[in-house]
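Structural features, examined
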Amino acid sequence: MREIAAQLPDGAFVFTSNVDGHFQKAGFAPDTVWEVHGSIHHLQCAEPCSAHLWAADGFEPIVDPVSCRLVSPLPTCPHCGGLARPNILMFGDYAWQEERALSQQARCEAWLTRARKPMLIELGAGKAVATVRRFGEGLGYPLIRINLRDPDVGKAKHISVPLGALAALEGIEAALSCKQA
Ligand SMILES: [Zn+2]
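About the thresholds
- Residues numbered from 1 in each chain as written.
- Predicted model: local features only at pLDDT ≥ 70, side-chain atom pairs only at ≥ 80, totals over all residues.
- Heavy atoms only, no water.
- Pairing = 2+ DSSP bridges.
- Helix = DSSP H or I, 4+ residues; strand = E, 2+ residues; numbered from the N terminus.
- Axes fitted to C-alpha atoms, helices over the stretch in contact; angles between N-to-C directions.
- Domains from an automatic or database assignment.
- Contact = heavy atoms within 4.5 Å.
- Buried area = accessible area lost by both parts, 1.4 Å probe.
- Salt bridge = Lys/Arg side-chain N within 4 Å of Asp/Glu carboxyl O.
- Buried < 20%, exposed > 50% of the residue type's maximum accessible area, 1.4 Å probe, protein only.

Remarks on the sheet that holds strand β4 (residues 53-55)
Pairing in this open sheet of three strands is antiparallel, and the strands run β4-β3-β5 from one edge to the other. Unpaired on one side and paired on the other, β4 and β5 (84-88) mark the two borders of the sheet. Strand after strand, the sheet turns through a mean of 50 degrees between neighbouring axes, direction not considered. Relative to β4, strand β3 (residues 38-45) runs antiparallel, the two sharing three bridges.

A closer look at the domain arrangement of the chain
You'll often see interface size given as the accessible area lost when the parts meet. Taken domain by domain, the chain consists of domain 1 (12-114) and domain 2 (119-181). For domain 1 and domain 2, the distance between their C-alpha centres works out to 26 Å. With eight residues of domain 1 in contact, the opposing surface of domain 2 contributes six residues. Counting the surface lost from both domain 1 and domain 2, the interface buries some 580 Å², and carbon and sulfur atoms represent 87% of this. Among the residues domain 1 hides against domain 2, the three largest losses belong to F15, H37 and L112. Together they make up 67% of the total. Linking domain 1 with domain 2 are zero salt bridges, by the criterion used here.

A word on the pattern of salt bridges
If you walk through the whole model with that rule in mind, you get six salt bridges. Taking the shortest distance from any N to any O, the salt bridge between E35 and R100 comes out at 2.9 Å. On the criterion of sequence distance, the pair formed by E35 in strand β2 (residues 33-35) and R100 in helix α3 (residues 99-114) is long-range, its members being 65 residues apart. According to the relative accessible area criterion, R100 is partly exposed, its value standing at 21%.

Concerning the environment of P48
With respect to the helices and strands, P48 occurs in the loop between β3 and β4. Distance in space between the C-alpha atoms of P48 and A95 is 6.4 Å, their sequence separation being 47 residues. The contact partners of P48, leaving out residues within four places of it in the chain, are A95 and Q97.

Put into structure tokens, the structure is as follows:
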């Protein structure tokens, strides 16, 4: 993905429902990622007593491999001393603090207004929780849907690619390299 983005005049912005921070780990600048369901690398108060988030770096969970239970102390909120939790949106979760994701959203929307000829590459987005699919379809830009099981994307201006993500991305990158050579 980074190689493809590097060949585009306006680069790329990542919209992801993953919470693992792997796009940043892969080298995407943090200000070019929108983690719509939050991030496991940030903690918040479970209550919550405030909207404050902090890095989860200092929390080292020790889990009993037999019982699958945490045996080390639970993380606590530095403000009220109560229980802390990952800043990840769960089902029916009214305590999730969304400010960080909203800031990422604002950066994404600003990027979209600047980008010339935006298009989307959707990778393996599921139908069960269709957040990523709805986002891509709702923007109205040309969409390349890469999906082994459910590649159908409907409208004529979109492209269905029934491949795994890696094979499809390598193909797109090779095609871009040929065009620029
Ligand atoms: Zn608190």
